[in-house]
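Here is how the chains run, residue by residue.
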Amino acid sequence: MNSVHLQLENVRKEFSRRIIFDKINFELTNGNSIAITGINGSGKSTLVKIIAGILSPTRGIVTLTVNGKEMKLEQYHNYIGFVAPYIQMYDEFSAYENLKFFARIRGMHFDAGYADQLLDRIVLYSRRNDAVRTYSSGMKQRLKYAFALLHKPEILIFDEPRANLDRHGIATVYSIMEENKPESVIILATNDEEDLSHVETIINLDELKEQQKSEKQMRSSARSKQPSTEVAK
Amino acid sequence: MKGKFWKIFLGVWLSIVIIVGMSLPMVPSPQSFFEFPIIPGLDEKARIIFFHVPTAWIAVIAFLMSMINGIQYLRKNDLIYDVRSSSAAGLGLVFCILATITGAIWAKFNWGAYWNWDPRQTSIFVLMLIYGAYFALRSAIDIDEKRASLSAAYSIIAFVTVPFLVFIMPRMMTGLHPGSASDDGAGPVVDFSMDTTMYIVFIASLLGFTLLYLWMYELKVRLGKIELYYESLRSHD
Amino acid sequence: MLYIQQTAAVFIKDFKSELRTRYAINALVMFVITTLSIILFSIGGERVSPDVLAGMLWVVIFFSAMSGLSRSFVSEEERGTTMTLQLLAQPAIIYFGKLVFNLVLIFSINTLVVTLYLLLIPLFTVQTTSIFLLTLFLGSFGLACASTIIAAIIAKANSKGTLYPVLSFPILLPLLMTVMNATKLSLDGAPLSEAAGEFRVLVSYSVVLIAVSWVLFDYVWKD
């Protein structure tokens, strides 16, 4: 496994001049696991998309270093496994075909044995040749884990990892996480208590915003304490 | 362009251009400085050059400015460039319509029909379509950043394809427009030469209209900046 | 080499998907048949000049392209697979994969259009076959180049269907004028050399559009 280092410096994202979040700073390397929490609309998904390189930050820098070499943005996807409700598989193809196309588009050799192993792990092996269209939402979610793990990425990003999963599916996800934890970087976007118990660090976007706001207020109130009549205007 | 001086200066300048352009007599062979030569085939209708050509010129300049600011947006990711780009395009559309209408009116009296698919008419029509498409695209995208980058991309694509028209049109249609290369037979035969006085008035008009455009552009950009600032204030609570 | 394999993989994915879902092809074939019928009805027994017929051929081709070529990007956007693709390969690979797919689609559709046109409209007689075939080839190529990048743009906008021809038309106008002129030449029986200028315009048009699309696709493709 390659050694990876992911760094976020003062990352800010705006949509139509609305600041979603600001001054996000953290560093992650192999063996680190982190969860990003916050209420709906706090920007969890936006932040993980920025980390994955599919969205660019308004300000700030994301750097991904692999084996000491800084990666270009267009190479990020090679090191990232991403599971999220907004990432869909191709309905008209079977699970097996989906994985085959994914491997080919990535430009890697399709390892049928490893694909079978993955499909077996997520309990889709018996349905591997059925079109994804016929799958339940839980099965589709499980297939996304095969999509994320197929290229053996160093960074695993799971946005709402439990979505649509039953108890058994959730257990599989946790075992995948525990297994990869020692060597990989794991990033979760979730509010689920049980998910949070599987990571070492938690970043709460709402608390961060509150903190930044109160710091700002303190600074501005410090300024307004200076004798000045201009303020009233 | 700050201060009252510029506004007054521009007002006076354009007034002089309009009065001079409209009122100086046109004679077959100009003797004094205050006379225009008669251009055969155009006669008094030649006066439109002082108003029609500057509007067409600005329609093109605005397109160029819009595209350049679009490139700047893609490079720097700052919405202010999008404000500039769309402001230029907005004014460009207005001047493009003005150029088309003044041109069509002139064509009615000179060529007998409002529209003849002359290469210049086709070109200004295509430019108008591009402006129209640009704003249709803009109104169909909700997120400011996405709107900015997509409309910038579109104006760049339009900018690189339009020059092909210059190559293909002369092969397909005869030019009627004064000053066009294939100006033979079909239209009035025009020796499109202005004398010094006419040329000075023409340049003065071009300059005046360009300044007017820049002033309007400046105002639009300032308004756009205020809107951006207002939006950001509102979202910070 | 790897890039070519990846591009081919994107194309094969789209191609198989098209075979299975027939998202574009069914609608396209029906569109062609409908449009040609309308033209046949309107011509009736009239003797229409070859110039008009040459123009109408490209009107049919333009609108067929407008009804089918946007699918490649719009279907990804509608199904929510855009991000899946973004996580699989760099933008240039996706662009070229989609371009190849659109090329194949437009070539098959244009073959159908021209075959039907030649069969059903006896007045449409090509004198210089070489000009006609080259025009058809280069015209289809340029059409695919322009409509692929516009499709990528409109896939991110709201009213995709109506916006597509609106945005494409000004971009495609130089191409359409060129191919209409070249088709006329082929009907008039002009020698091949006479259409050299048209061919130069068509080739450079495609080259310029591919280069610009390649650069701009990054900005268009990512949110």
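What you see is a predicted model; the values in this text were computed from it and never measured.

Undergrad: Is there a simple way to think about the interface of chain A and chain C in this case?
TA: Accessible area lost upon the coming together of the parts serves often as the stated size of an interface. Counting residues at the interface gives 27 residues for chain A, matched by 24 residues for chain C. Carbon and sulfur atoms make up 65% of the area that chain A and chain C hide from each other, which totals about 2500 Å². When residues of chain A are sorted by the area they lose upon contact with chain C, A:Ile54, A:Tyr90 and A:Ile105 head the list and together hold 30% of the total. Applying the counting criterion to the chain A and chain C interface returns two salt bridges. Two residues, C:Arg20 and A:Glu97, come together in a salt bridge whose shortest N-O distance is 2.8 Å. Taken together, chain A and chain C are joined by twelve residue pairs in polar contact (both at pLDDT 80 or more). Contributions of two or more residues to the side of chain A that touches chain C are made by α1 (44-52), β6 (80-83) and α2 (95-106) of chain A. For the side of chain A that touches chain C, the element with the most residues is α2(A), which contributes six residues.

Undergrad: Explain the packing of aromatic side chains here, please?
TA: Both the distance between ring centres and the angle between the ring planes are used here to describe each pair of aromatic rings. All told, the structure shown has 36 aromatic pairs over all chains when counted by the stated rule. Both rings, one in B:Phe5 and one in B:Trp6, keep their centres 6.2 Å apart while their planes meet at 70 degrees; by these two values the pair is edge-to-face. A relative accessible area of 34% means that B:Trp6 is categorised as partly exposed. With a centroid separation of 5.3 Å and an interplanar angle of 75 degrees, the aromatic rings of B:Trp106 and B:Trp111 are classed as edge-to-face. For the residue pair B:Trp106 and B:Trp111, the accessibility class agrees, reading buried in each case. An aromatic cluster of three or more residues is present, and its members are C:Phe73, C:Tyr95, C:Phe96, C:Trp214, C:Phe217 and C:Trp221. Across from the ring centre of A:Tyr125, 4.0 Å away, lies the NZ or CZ of A:Arg128, which sits over that ring. A cation over an aromatic ring shows up here: C:Lys98 above the ring of C:Phe73, its NZ or CZ 5.7 Å from the ring centre.

Undergrad: Sorry, what's going on with the pairing of strand β1 (residues 4-15) of chain A here?
TA: The two faces of a sheet get side chains in turn, since along a regular strand they alternate between them. Residues and elements named next belong to chain A. The sheet contact formed by β1 and strand β4 (residues 59-66) spans seven bridges and is antiparallel. For Glu9, the partnering residue across the bridge sits in β4 and is Ile61. Both β1 and strand β2 (residues 18-29) contribute to a ladder of eight bridges, which runs antiparallel. From the neighbouring strand, Lys13 faces β2, where its bridge partner is Phe21. Taking the residues between adjacent antiparallel strands as the criterion, β1 and β2 are bridged by two residues, where Ser16 takes a positive phi near 50 degrees.

Undergrad: Please explain the packing of helix α6 (residues 163-172) of chain B against helix α8 (residues 160-188) of chain C as it appears in this structure.
TA: In a pair of packed helices, the angle between the axes and the distance between the axes together describe the arrangement. Contact geometry for α6(B) and α8(C): axes closest at 9 Å, N-to-C directions at 30 degrees. Relative to α8(C), α6(B) is oriented so that their crossing is left-handed. Each of B:Phe164, B:Leu165, B:Ile168, B:Met169, B:Arg171 and B:Met172 in α6(B) lies in contact with α8(C), whose residues at this interface are C:Pro174, C:Met177, C:Thr178, C:Asn181 and C:Lys184. Residues of the contact of α6(B) with α8(C), tallied by class, amount to seven nonpolar, two polar and two charged.

Conventions we followed
- Residues numbered from 1 in each chain as written.
- Chains lettered and ligands numbered in written order.
- Predicted model: local features only at pLDDT ≥ 70, side-chain atom pairs only at ≥ 80, totals over all residues.
- Heavy atoms only, no water.
- Contact = heavy atoms within 4.5 Å.
- Buried area = accessible area lost by both parts, 1.4 Å probe.
- Salt bridge = Lys/Arg side-chain N within 4 Å of Asp/Glu carboxyl O.
- Polar contact = N/O pair within 3.5 Å; in protein donor to acceptor, adjacent residues only side chain to side chain.
- Helix = DSSP H or I, 4+ residues; strand = E, 2+ residues; numbered from the N terminus.
- Phe/Tyr/Trp six-rings, centres within 6.5 Å; stacked < 30°, edge-to-face > 60°.
- Buried < 20%, exposed > 50% of the residue type's maximum accessible area, 1.4 Å probe, protein only.
- Lys NZ or Arg CZ within 6 Å of the ring centre and 35° of its normal.
- Pairing = 2+ DSSP bridges.
- Axes fitted to C-alpha atoms, helices over the stretch in contact; angles between N-to-C directions.
- Left-handed = near helix turned anticlockwise from the far one by under 90°.
- Nonpolar A, V, L, I, M, F, W, Y, C, P; charged D, E, K, R; others polar.

Everything listed here is a matter of coordinates, which is why it stays silent on function.
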